Every structure is written in structure tokens, then in C-alpha cells.
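# Observations on the model geometry
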Amino acid sequence: MFTQLLVLTNIVGLLLIAPIIDGIERKIKARLQCRKGPPILQTWYDLLKLFRRPSIVTKEYSLPYIISPYIVFANIIFALALLPSITGVALSFYGDIIVLTYLIASSSIFIAIGSISSGSVFATIGANREISIATLSKLLIALVLASFVILKGSLMLEKLFPIIPPYTISAILAIVLFAILAYIESYKLPFDIPEAEPEIIDGILVEYSGKSLGVLKYSMYLKRVLLFTILIDLVLPRNLPPIISSLAYIASLIFVSILFVTIETYFGRLRIDQALKFMKTLIPILLVVIVIAYFHI
Amino acid sequence: MKGDSLVELLIPAALLLLGGTVSSVFKGRLGNYISSFFSTISSLIICYFSLNVLFFNKVFEERLILAPVLISPISLPINLSLLHVKMDSLSAFFCLILGVVGFASSIYGFSYVNRYFKKEHLGFYGLNYAFFLCFMYLVLIIYDVFWFIIFWELMTVTSQFLVSYEKEKIAARKAAYKYFCMVKAGSEAIIVSALIIIIILSGMQTSFDIVKTCTEKLLAENPILANALLTMLFIGFSVKASLVPFHTWLPDAHPEAPSNVSALLSGVMIKTAVYMFFRLFYFFFKPTIYWGYIVATIGTITLFVGTMYAILQTDSKRLLAFHSVGQMGYIVLALGASMVLYSMKGEVYAILASAAFAASLYHALNHAMFKSLLFLTAGSVIYRTGLRNLNVLGGLARLMPVTAVSALIASLSISGIPPFNGFVSKWLIYSSTIPSFTLLAIYGVIALFISAVTAASFVKYFTTLFTKPSALELKGVKEVPIVMLFSQIFLGIICITLGIYPVLPLTIISPVSKLLFPLGDILSYVKVLPGIALLKVGFVSINSPLIIAVSLTLISSITATLLPHRIKEFSVWSCGVSFRKYLMNMPADSYFKPFEESFKELYLTGKFLHKVFVEDFIKRYLLSAKVLARGTENFVVMLTVFALIAFLILLFLV
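Residues numbered from 1 in each chain as written. Chains lettered and ligands numbered in written order. Predicted model: local features only at pLDDT ≥ 70, side-chain atom pairs only at ≥ 80, totals over all residues.

## Some thoughts on the overall build of chain A
Where we set the bar: Counting from the N terminus, the helices are DSSP H or I runs at least four residues long and the strands are E runs at least two residues long. Every radius of gyration here is taken over C-alpha atoms, with the globule rule written as 2.2 Å times N^0.38, N being the number of residues. For every residue pair, C-beta atoms are placed from the backbone, and the pair is scored as a contact if these atoms sit within 7 Å.
Scanning chain A from terminus to terminus reveals 11 helices and one strand. The helix and strand sequence of chain A, counted from the amino end, reads α-α-β-α-α-α-α-α-α-α-α-α. For chain A, the C-alpha radius of gyration of 19 Å lies close to 19 Å, the compact-globule estimate for 297 residues. Across its three principal directions, the C-alpha atoms of chain A cover 55 × 45 × 40 Å. Taking the intrachain contacts of chain A between residues at least 6 apart in sequence as the baseline, contacts between residues at least 24 apart amount to 78%.

Set out below in C-alpha cells:
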């Protein structure tokens, strides 16, 4: 019961933090572009406003368009429950890492199905890009996962975290590659191809409005936090006292988001085929990582 | 020959033969109705028998003497008059698949097949459909190598007639010829010759038990011959199982049959080959690490190639047929993995091996359910629109809501989205292969990736059929009749049940493992709690799709109810110009183009191999056939040949 409470604390805490993290990112981005930027709580204000608004639907819509934002949200929440975040406790069972990858993938799938169901061709294009990237990144995630499993010998996140120590080359490489993957999956520039505001007018989000849009945006912020959390869990030692551990987690969350947003500011958007090509170049590197992980280098 | 048990097991077969024969008399709807009725009844009886075997550990065994008068005077070398049928747990497991899918597709056929009324002879359909079911059933329960050959042949023949049922269509005829050439002329020659060698080696005794002792002896005394026989049989059956590179007949043949027959072909018929793989590797022969790696490698290649080609397809049923190839790869990969892991020593590997063994059978069961459901939904679309082309179809979710929901359930199941059934079996596959510290880990990674590709292609299948706006005006399209809906809902419920309650299929698999698996009952490794399959020891512990399902549905429903809907309808935003309904959409051709292009090396290789091994080969074959034909037209040549044959016969007699 205590575990469940701690997991609930994790989820509620992240629900509160996720929009603030986005607010920080917006602020920093603005500062880097010599603008003043909105207040840090602006994302929360935006979300609250969206939740108050009525939803407008298209004339061509079908059922998945209405329900899929909520399913995406539920998927992300469940994925958060599997990870140790603010408290070092999580729902843990054998093979939870596979469930985690499936939950991330299924959130992409439901976003795609939902947005195509709006009937808009821009949304269809966006969904296609989303699925193309998500599919190829599943291969990379699977490879990273295999290298983690070979390093630690278990399919349980609990036994996987943290990957270092031992400070082997393969472990460090695997973490760096996972950081790149997390960057791609969180759809930051140059990889925000499914949303691409100037080309396909927000792509997957084009026909969403009001509460549905709010839920979708909220789940996207949460997904970013989820990916950051995995990255942090790979490195952050959990043998500290509880309060310090939580603070260390939140500090590293802010650090990672600042790091990523700084990178983001210096890039323009890639074309979809360029992005896929970039992801393909990671495959041989990951295979090498797996091989050297097998020999404990 | 005991009185009461004599007929028991053969009742469904007899009913099907009777139903088929009677229905062939009627040209009209009655032909279909009679056949479908008898098929439905016998499917239920088959389910009853197999559930009895699986849950109450009964074993049905019968020896039926067909023609007692004939045997004594002639005394044939093989005792042909004895029909030995036995339903052990392995047969029962596959019979259960046959029963459930047969039940759904027979009920579906009541209404679906009437669309051929006045175009085709419905009695001919009835005859072949019932006989096809009957011979599949007999293939699964027969306990005699010789009769197995006969029923296997008959099963292929009847299915071939069903593939070419729409005989006016060139594509159907071509597909049936290809099917005939590859499966019947090609693979069955290998199977039959290998089985005949086995029969001869076992001293003309054809019962499975005796053949088993013979092969075991052979394995000890002459392993080269034993492995050669195993290779022949494996190649032969892998044509039927459509493993790469012998898969090319399937994507042509399966879509051409009537949709409920496609469901049976993809759901059950290719599973008979899996049944034979289990018989071969675990019953007749012993699982070895080498064969394990061979089987697992072929499985991985199959799942990769099948699914990567499926994502290209724009024909609804052809897409599904390619996925049949891909999903067979998963089943075979798990089978191979269980053989490899069994051969490695240690407690941990024993757990992984039993998980892989369970995964193989579990995925076979799941694949039968969701693939037949998918074919039925594709059939429902054909029933109302007459179209299979994903480029022009669309927007059917508003017109056919129940079909859309069942298609969504099946699509999510095959993509392995929790909490549907595909997820659990795929989870078992990954968790047995990835932590194994062997080559299997890479295979598991490929399987994980391919599962994402599967999901992508089912996003395409579902959205192009049901949610994307259509490219033509679909007039008068409404929901399909109630019998067709019933089959879809029935299979949909099974898909969900097998996903959220994995204990049920695992208890069904447990007697199979008791019979075949050298490590014994998988349930001794897979500890079962309500709704949660816990594998023993800390190493492999929990699989809780139930928890996942419940929490997912709870969370999403809470969020959905907390935020009330206020819905206003507006036209689709199209940057200021008015929305043009049939023009502004994305055809299925253009789906995932960048992704496909990033794998173009694969497709170019495939094209090259097809040119070298298929097109050029056919050209050469036709050339040699022409030369042969020219030769036989010549009177002198013919005479010489006849003389030679006559001389040989004379020599033989003397």
C-alpha cells in the first residue's frame, strides 16, 4: 500500500511539474533569442484556459478522434508509474521495460489514429511523420534496451537503474545514445517534424481544440518529462536520503530540460527523410555498443 | 473396436462430410445454408472435444476399421483399413483454434457467401467449405502417418478450390495455380517422400507411436539420415507455414478466397504446419540447439520480411495476408527459441525455455483469433462496398460502427498494444529471448522493432478503411447483417479475454507442455495468480496485463468523465479554401513513404531475388517444358519412350 502511495506521489508531482518544466524551457529559449519570454507558469495558464474552453469537432470526425487524447494521457500516466522519479519507488515487475516501450509506442499510435480520424489531410501528413519516426525509433529503443539488458542482466527497470557504475565504455555510450533518442522522441527541433507549424499547420494537432487539445498538449509535456526521467534514472544514484534524492531528481530534470532547450535553439527543422537518415546512422553504433557490452568493455 | 467410443471423435467429420455432400446438390442459397449449418454444429462439437481434453485431461482415441473384408485376402503391406484417430493435448489445442475460428467463420458465411448468389454455384462452395473443415480436423486428429498424407493432400485440394472460387477472376485462377505449384506439387512431394522413407524404416507400421520409437532409434543409430529426414519434412511443412523464402504463394492465395475462408486459411490452415513442427521437433525428434537456431533464424527472417512487405500493401486483404507471413515468423521464432533455451543448462534457461514454448502456442492461438477477425472485418467492407483498395476507401467508421470497433480491437491486438492479446504473447517472446545472452537477444530486438512496423501498418489499415475521408462517394453503405456482426463481436471478445486473462490460455497450454515439453509442465515454471501470470523465481516474475488494462481504462475513463464534452461541429480547416471532401485526402500509397524509402535496400534486394529465383526460373522452366512438349509431339520419340517403359516393366516382372 505504501508503495502505491509513493507511486501516486510521483505521478501527482510530475503532473504538477511537467507544465512548469515547459515554462522554464520557454523562458530560456526566449532569453537565448534575446526576448523577455512569458512567465514560468504561462504553460499552466494556457492549459487551464484550454480546459475551460469547449471542444470544437470537425464534420468528418469519427470516434477515435474524441477518445484518443484521453487514451494517450492514460498511457503516459501509466508509463510514469513504472519509473522511479520524485520518490525512488515505482511499480515494478519482470519485463516492465517492455511494457514501458509499448506504452510509449502506443501513445504515438493513438495520437496518429486520433488525428487522422479528424478527417484533415494536414493531420494525416503529421500522423504519417509521427508514425515513421516512432517506428524507426522503436528499433533504436529496442537496441538500447538490449544493451542495457546485457549490461545489467535483467529485464526489470528496478535492477537496471542506475546503469553506471560500473563506468564501462559501453554503458556510457548507451546512455549518450539514449539521450539522443530521448531528444528525438520528445519532438524538439530539429525533430519536431510531426507538428511542424509553418508547413502543415501544427500537423497532428490541427483539428484539436479546447479540452482535447489541452489533454494532448498535457500528455506531450508529460511524455517529455517521462523521457527525461528515464535518462535521469539511468545516471542518478538512488542510495541517498529520500528528500535529497527527490531534490536531486528535480534539479537534474531542470538541468536536462535546460540542456535540451539550449541545443534546440541552435537548430532549424530537418526534413523527414533527413531525420530518418540520421536515425539510421545510429543503428550500427548501437550494434557496436551491444557487442562491446557483451564483452564487458 | 469399442462400441461407444467408435463414433465419438469422428462425429464432426461425418457431419461435415454429410453436410458438404448434401449442400453440393443445391445451386442456390440453400447450398450455402446447409453447409454453414453443419459446419457451425461440427465446429461446436470440435470445441467441446478439445476443451474436454485440455481441461479434464481426457484422451480420445479410436481405431476405426474401415473395410474389414478387404484386408485378410490381399494383405497389403500397410494396414490401410485401420483409421487410427487420437486427440491428445497437442491436437486438442489446435482443434480448439479450428473449432473457434471455424464457428465464427461458418456463422459469418451464412450471410457473406450470399453475395456470390447467381454469380457462382453456392453448392460448390458448400461442398468445399465443409470438406475443407473436415480434412483440417482429420489432419489434426489423425494418429497414423499414411492417412495423414492422404488428409493433408485433401485439405490442400479443397482449399485450392476455395481460393479459385471466383473462377472468372484471372487473379484468383493465377493464385490457385501458384498455390498448387508451390504447396501441392512442390512441398508435398518432399513431405510424402520423407514420410514414405519413415514408413519403410519403421517396418510398414504407420501409427505415430511406432513411428516415434523408430525415429528415436534412428536418431541414435544413424543421426545423418534422421537429420536429413527432418530437414526434408521441415522444408516441406515450411512451405505450408509460408516461411520465407517459401512464402510467396500466401499473399496471392489468401486474399482471393471468400473472406470467411481467408479467415480459416490464415487462422487455421497454416497453423496445421505449426502443429506438425511441434510434432516433429518435440514428438518424433528431439529438440537440439542447432535446429533451434535454424528455426529461430528462419522465424526472424520471416517476421522481418513478411511485415516489411506488408507495410507497402494497399489492398486490404493482401496487407493482412502479408501479416500472416510476419506473424508466423513470431510463432516459429518462439518455437526455435524454446528449443535453443531448452538445450542450454540451468534453472534460468529452463524458465526462459518454458516461457518461449508457451509464447509460441499462445501466439498461434492469438494470431488465429485476431487474424480471422481482421479478415472478417475486411470481408464486411467488401460485402458492403465491393472494394479492397485502401486508396479509395475511407470514412466507414460512421457508417459501420461495430465493424470499425472490431477492426480496431483486432488491429490493436496484432500490434501488441496492451491490454490486448497480442501483447501478452509478444511480451513472453521478448522476455524469453532478450535476456538470454545469446544470438536470440538480437532476434528479440528485431521482433520488437517489427512489432512497431506491424502497428504502423495497422494504423494504415484501420485509418484508411474507417476514419480517413473516402476518395469516392460510398452510397447505401450501412452496417452488415446481424450474423456477420455476431462473429466479429464473438472474436473481438475472445481477443480481449485472452489479453486481460492470460491464465486461461496458459492453463490450456499446460497439458500440451506436459505431453511434449521435455522439462514438463510450464505451469510449474509459470506460477499462476488470478489474472497475473507469475513466472517462478525472482528472475522472471510478473506479467500483469490485467493491471495494465484496468488502470488504463480507469484512468482514461476518469479523465474523460471529469471533463464534460461540449461539442460543436465545424468543417475541416483547409487553409481558407472550402473543404473538398473526396479530393482532400491522403491515399494509402503515400502512407509512410519516407519510412519505406529509408529501407529501400531491403526492397531492392527483394526485387533482385524475385527476378533471379522466380522470373528467370519460370522462364527457364517454360523453355524446358516447350522443348519437352515438342519432343513428345514427335511420333518417333513417343514410340521410343513407350517402348522403353514397356521394356522396363517387362524387366521388372521377370
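## Here's the deal with the overall build of chain B
For the record, the criterion: Remark: C-beta atoms are placed from the backbone, and a residue is labelled buried if 20 or more other C-beta atoms sit within 10 Å of its own, exposed if 12 or fewer do, or partly exposed between those counts.
A count of helices and strands for chain B gives 24 helices and five strands. Burial statistics for chain B: of 654 residues in total, 53% are counted as buried. Long-range contacts, defined as pairs at least 24 residues apart, comprise 79% of the intrachain contacts of chain B with a sequence gap of at least 6.

## Digging into the environment of Gln 313 of chain B
All names here are of chain B. Mapping Gln 313 onto the fold places it in the loop between α13 (289–310) and α14 (316–343). Gln 313 sits in the buried class, given 21 other C-beta atoms within 10 Å. The spatial distance from the C-alpha of Gln 313 to the C-alpha of Val 477 is 24 Å, given a sequence separation of 164 residues. Aside from chain neighbours lying at most four places away, what touches Gln 313 is Arg 318, Leu 319 and Phe 322.

## Some words on the interface of chain A and chain B
The criterion, for reference: For this classification, the nonpolar set comprises Ala, Val, Leu, Ile, Met, Phe, Trp, Tyr, Cys and Pro, the charged set comprises Asp, Glu, Lys and Arg, and every other residue, Gly included, is treated as polar.
Contact with chain A, which involves 62 residues of that partner, is made by 60 residues of chain B. Per element, the largest residue contribution to the side of chain A that touches chain B is 16 residues, and it comes from helix α5 (residues 121–152) of chain A. Here the residues of the side of chain A that touches chain B are counted per class, giving 39 nonpolar, 15 polar and eight charged.

## Considerations on the packing of helix α5 (residues 89–112) of chain B against helix α20 (residues 503–516) of chain B
Residue and element names in this part refer to chain B. Rules: Angular values range over 0 to 180 degrees, each being the angle between N-to-C directions of two axes fitted as lines to C-alpha atoms, with helices fitted over their stretch in contact. For a crossing to be left-handed, the near helix must be turned anticlockwise from the far one by less than a right angle; the clockwise case is right-handed.
As a packed pair, α5 and α20 sit with axes 8 Å apart at the nearest point and diverge in direction by 150°. Considering how the two elements wind past one another, α5 and α20 form a crossing that is left-handed. Along the contact surface, α5 presents Ser 89, Leu 90 and Phe 93, while α20 presents Ile 508, Pro 511, Val 512, Leu 515 and Leu 516. In terms of residue class, the contact of α5 with α20 is built from seven nonpolar, one polar and no charged.

## Digging into unusual backbone geometry
All names here are of chain B. At the junction of Val 244 and Pro 245, the peptide bond is cis and its omega measures out at 5° in the coordinates. Among the structural elements, Pro 245 can be located in the loop between α10 (223–240) and α11 (250–256). Even without being a glycine, Lys 118 presents a positive backbone phi close to 75°. Residue placement: Lys 118 occurs in the loop between α5 and α6 (122–141). Residue Phe 592 is not a glycine yet carries a positive backbone phi of 55°. By C-beta crowding, Phe 592 is classed as buried, having 21 other C-beta atoms within 10 Å.

## Examining the packing of helix α9 (residues 210–235) of chain A against helix α10 (residues 242–265) of chain A
Residue and element names in this part refer to chain A. Here is the rule we go by: Working rule for angles: under 35 degrees goes down as roughly parallel, over 145 as roughly antiparallel, 65 to 115 as roughly perpendicular, anything else as oblique.
One way to put it is that α9 packs onto α10 with a least axis distance of 10 Å and a crossing angle of 115°. Considering their axes alone, α9 and α10 lie roughly perpendicular with respect to each other. Between α9 and α10 the crossing geometry is right-handed. Side by side, α9 and α10 meet where Val 225, Phe 228, Leu 231 and Ile 232 of the first sit next to Tyr 249, Ser 252, Leu 253, Val 256 and Ser 257 of the second. Grouping the amino acids of the contact of α9 with α10 by side-chain chemistry returns seven nonpolar, two polar and no charged.

## Section: helix α8 (residues 170–201) of chain B
All names here are of chain B. Test applied: The length a helix should cover is 1.5 Å for every residue beyond the first. The quantity called bend is, for any residue, the angle between two axes fitted respectively to the seven residues ending at it and the seven beginning at it.
With 32 residues, α8 extends 45 Å between its outermost C-alpha atoms, agreeing within 8% with the 46 Å of an ideal straight helix rising 1.5 Å per residue. Of all the bends found along α8, the most pronounced is centred on Glu 188 and spans about 40°. Of the positions making up α8, those classed as buried are Ala 175, Ala 176, Tyr 179, Met 182, Val 183, Ser 187, Glu 188, Ile 191, Leu 195, Ile 198 and Ile 199. In this structure, the buried residues of α8 make contact with α7 (145–163), α9 (208–221), α10 and α11.

## Points about the nonpolar core
Residues and elements named next belong to chain B. Our working definition: Nonpolar cores are identified as sets of buried Ala, Val, Leu, Ile, Met, Phe, Trp, Tyr and Cys residues joined via C-beta atoms within 7 Å.
With 311 residues, the main nonpolar core has Cys 95, Met 136 and Tyr 137 as its most contacted residues. The biggest single contributor to this core is helix α15 (residues 347–385), with 23 residues. In contact with Cys 95, not counting residues within four places along its chain, are Ile 46, Phe 49, Ser 50, Met 87, Tyr 137, Leu 140 and Ile 141.

## Some details on the environment of Ile 21 of chain A
All names here are of chain A. Relative to the elements of secondary structure, Ile 21 occurs in helix α1 (residues 2–32). Owing to 24 C-beta atoms within 10 Å, Ile 21 belongs among the buried residues under this scheme. Residues Ile 21 and Leu 222, 201 residues apart in the sequence, show an inter-C-alpha distance of 9.7 Å. Here Ile 21 is in contact with Val 225, Leu 253, Ile 254 and Ser 257, once residues within four sequence places are set aside.

## Some details on the environment of Ile 250 of chain A
Residue and element names in this part refer to chain A. Here Ile 250 shows up in helix α10. With 16 C-beta atoms packed within 10 Å, Ile 250 lands in the partly exposed category. With 144 residues separating them along the chain, Ile 250 and Ser 106 place their C-alpha atoms 27 Å apart.

## Thoughts on the confidence of the model for chain B
All names here are of chain B. Put simply, the test is: The score called pLDDT rates the predictor's confidence residue by residue, from a low of 0 to a high of 100.
With 89% of its residues at a pLDDT of at least 70, chain B reaches an overall mean of 82. By mean pLDDT, strand β4 (residues 532–535) is the weakest element of chain B at 43, and α5 is the strongest at 91. Confidence drops under pLDDT 50 across residues 1–5; counting only partners more than four residues distant or on other chains, this segment forms four contacts. Predicted confidence is poor over residues 528–543, with pLDDT under 50, and the contacts of this stretch with residues over four places away or in other chains come to 48 contacts.

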